[in-house]
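The lines below spell out each chain.
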Amino acid sequence: MFRNFFFLSLLSIVLFSSCKNTGVDPGGPIVTISVPEIYTKMYKYTSITSDGTFVIIKSNGNPDHKSVYFPTTDTSYQNFTGPTTFGGVGFLKSLNTISAQNLTFKIPANPALAAVHSATPVGVIGIALNGVPFYNQNEVAGQPLTNEIPSFDQNWGHALPSGKYHYHVEPLFLTTKFTRTGLLGFLLDGFPLYGPDEAGATVTNAMLDAFHGHTRGTLEYPNGIYHYHVTSTAPYIVGSQFYGTPGTVTQ
């Protein structure tokens, strides 16, 4: 009897040790999916995870720089009256005020050229390194940005009536912080967005394809990758379609 008890006790110890070492629990194996290294460049967000297919980024969307669109009681509020904003257009402040959002981006972890290209929406098309959304080249009504450009603040962003702050054009704070050649963020199709300069020259629309990008080496991808560039003229960030297959954003 003592011998049987000793055998059962020893078996229990072996099984417990085996489960502990392999990370197996009654619910199944513990699996950790690594986020692609490039996403370590993101520096302001609520969380970043990956399920192997998508990188999931959660953000409150608030910028980490001063803006005239923060409430006047906020420490990030900074008065701005111009004289000029993006493109030399005189500044005209809208009545909107920045407020925190609840944004969840699902971006392809392994972006690839799409067989069928999706149109960019009038709304969120990507995320900046500081967690602020990028929008396309149109106003909410689908018209050119002509009437909205005067409302761009000292960092070339502005807020919607809902309080959502966003960039339609070059995020001036980021191109100042990371240089005009630096990585600025990612579009919903997973391809990176870079600043307005490359190889010692200012990038123009004529140097890019219909999607507003091209394949070249970058600091993060010395062997080359398709990437977008911000430019000073429309469409500013991306063409009317994504190069790759876009993920989703909930807000």
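Everything that follows concerns the structure shown earlier in this document.
Since we're looking at a predicted model, the values are computed, not measured. (Residues numbered from 1 in each chain as written. Predicted model: local features only at pLDDT ≥ 70, side-chain atom pairs only at ≥ 80, totals over all residues. Heavy atoms only, no water.)

Novice: Help me understand the overall build of the protein in this model?
Specialist: Along the backbone of the protein there are two helices and 16 strands. Counting only residues that meet the buried cut, the protein has 45% of its 251 residues in that class. (Helix = DSSP H or I, 4+ residues; strand = E, 2+ residues; numbered from the N terminus. Buried < 20%, exposed > 50% of the residue type's maximum accessible area, 1.4 Å probe, protein only.)

Novice: Help me out: how do you make sense of the side chain of Asp 189 in this one?
Specialist: With respect to the helices and strands, Asp 189 occurs in the loop between β10 (183–187) and β11 (192–194). Within the structure, the side chain of Asp 189 is placed 3.2 Å from the backbone nitrogen of Phe 191, a separation counted as a polar contact. A polar contact is formed between the side chain of Asp 189 and the side chain of Tyr 228, at a distance of 2.5 Å. Setting aside anything within four residues of it in sequence, one finds Asp 189 in contact with Pro 108, Pro 111, Tyr 228, Phe 242, Tyr 243, Gly 244, Thr 245, Pro 246 and Gly 247. (Polar contact = N/O pair within 3.5 Å; in protein donor to acceptor, adjacent residues only side chain to side chain. Contact = heavy atoms within 4.5 Å.)

Novice: Got a minute to help me understand the sheet that holds strand β3 (residues 47–50) in this structure?
Specialist: Within a beta sheet, neighbouring strands are joined by backbone hydrogen bonds and run either parallel or antiparallel to one another. With respect to topology, four strands assemble into an open sheet ordered β3-β4-β5-β16, the strand pairing being antiparallel. Each end of this open sheet is capped by a strand with a single partner; those strands are β3 and β16 (248–250). Adjacent strand axes in the sheet meet at a mean angle of 15° when their direction is disregarded. As paired strands, β3 and strand β4 (residues 54–59) are joined by four bridges and run antiparallel to one another. From the neighbouring strand, Ile 48 faces β4, where its bridge partner is Ile 57. (Pairing = 2+ DSSP bridges. Axes fitted to C-alpha atoms, helices over the stretch in contact; angles between N-to-C directions.)

Novice: Looking at this structure, I do not really get the nonpolar core. What am I missing?
Specialist: Within soluble globular proteins, side chains that are nonpolar generally end up buried alongside one another. Counting residues in each nonpolar core, the largest one holds 53 residues, and the members touching the most others are Ile 57, Phe 105, Phe 134, Tyr 228 and Ile 237. Looking at this core, the elements that each hand over two or more residues are β4, β5 (103–108), β6 (124–128), β7 (133–135), β10, β11 and β15 (225–229). Other than its neighbours up to four places away in sequence, Ile 237 contacts Ile 125, Phe 134, Tyr 135, Tyr 167, His 168, Val 169, Leu 187, Leu 193, His 212, Tyr 228, His 229 and Val 230. (Core = buried A, V, L, I, M, F, W, Y, C linked by side-chain atoms within 4.5 Å.)

Novice: I'm lost on the environment of Phe 173 in this one. Help?
Specialist: When you line up the elements, Phe 173 lands in helix α2 (residues 172–177). Along the chain, Phe 173 and Gly 157 lie 16 residues apart, while their C-alpha atoms are 9.6 Å from each other. Setting aside anything within four residues of it in sequence, one finds Phe 173 in contact with Tyr 43, Asp 64, His 65 and Asn 155.

Novice: I keep staring at the sheet that holds β11 and nothing clicks. Help me out?
Specialist: Across the sheet, which stays open at both edges, the six strands sit in the order β7-β6-β10-β11-β15-β14 with mixed pairing between neighbours. Each edge of the open sheet is held by one strand with a lone partner, namely β7 and β14 (213–216). Neighbour-to-neighbour, the strand axes of this sheet turn through a mean angle of 40°, independent of strand direction. By the bridge criterion, three bridges tie β6 to β10 in an arrangement that is antiparallel. Across the sheet, Gly 126 pairs through a bridge with Leu 187, a residue of β10.

Novice: Teacher, can you tell me more about the packing of aromatic side chains here?
Specialist: Centre distance and the angle of the planes are the two values used to describe a pair of aromatic rings. Following the criterion strictly, the structure yields 13 aromatic pairs and no others. Judged by centre distance (6.4 Å) and plane angle (55°), the rings of Phe 86 and Phe 152 are tilted. Placement of Phe 86 in the loop between β4 and β5 and of Phe 152 in the loop between β7 and β8 (158–159) is noted, with a sequence separation of 66 residues between them. Per residue, the accessibility class of Phe 86 equals that of Phe 152, and both read buried. Summarising the aromatic geometry, the rings of Tyr 226 and Tyr 228 are spaced 5.5 Å apart at their centres and angled 90° between planes, so their arrangement reads as edge-to-face. The class of Tyr 226 is buried, set by a relative accessible area of 5%. (Phe/Tyr/Trp six-rings, centres within 6.5 Å; stacked < 30°, edge-to-face > 60°.)

Novice: Is there a simple way to think about the pattern of salt bridges in this case?
Specialist: Where charged atoms from two side chains of opposite charge approach closely, those side chains can pair. Applying the stated criterion across every chain, the model contains two salt bridges. Of the charged contacts in the structure, one is a salt bridge between Glu 220 and Lys 41, with a shortest N-O distance of 3.6 Å. Residue Glu 220 is located in the loop between β14 and β15, and its partner Lys 41 is located in the loop between β2 (28–29) and β3; the two are separated by 179 residues in the primary sequence. When the shortest N-O distance is used, the salt bridge between Arg 180 and Asp 197 registers 3.0 Å. Within this pair, whereas Arg 180 is found in the loop between α2 and β10, its partner Asp 197 is found in strand β12 (residues 197–198), the two being separated by 17 residues in sequence. Residue classification places Asp 197 among the buried residues on the basis of a relative accessible area of 17%. (Salt bridge = Lys/Arg side-chain N within 4 Å of Asp/Glu carboxyl O.)

Novice: Would you mind going over the pairing of β10 with me for this structure?
Specialist: Both faces of the sheet carry side chains from a regular strand, because those side chains alternate between them. Here β10 lies mainly inside the structure; five of its five residues are buried. Pairing geometry for β10 and β11, over three bridges, is antiparallel. Bridge assignment links Leu 183 to a residue of β11, and that residue is Tyr 194. Connecting β10 to the next strand, β11, in antiparallel fashion are four residues, including Gly 190 with a positive phi near 95°.

Read these as spatial facts, not as claims about activity.
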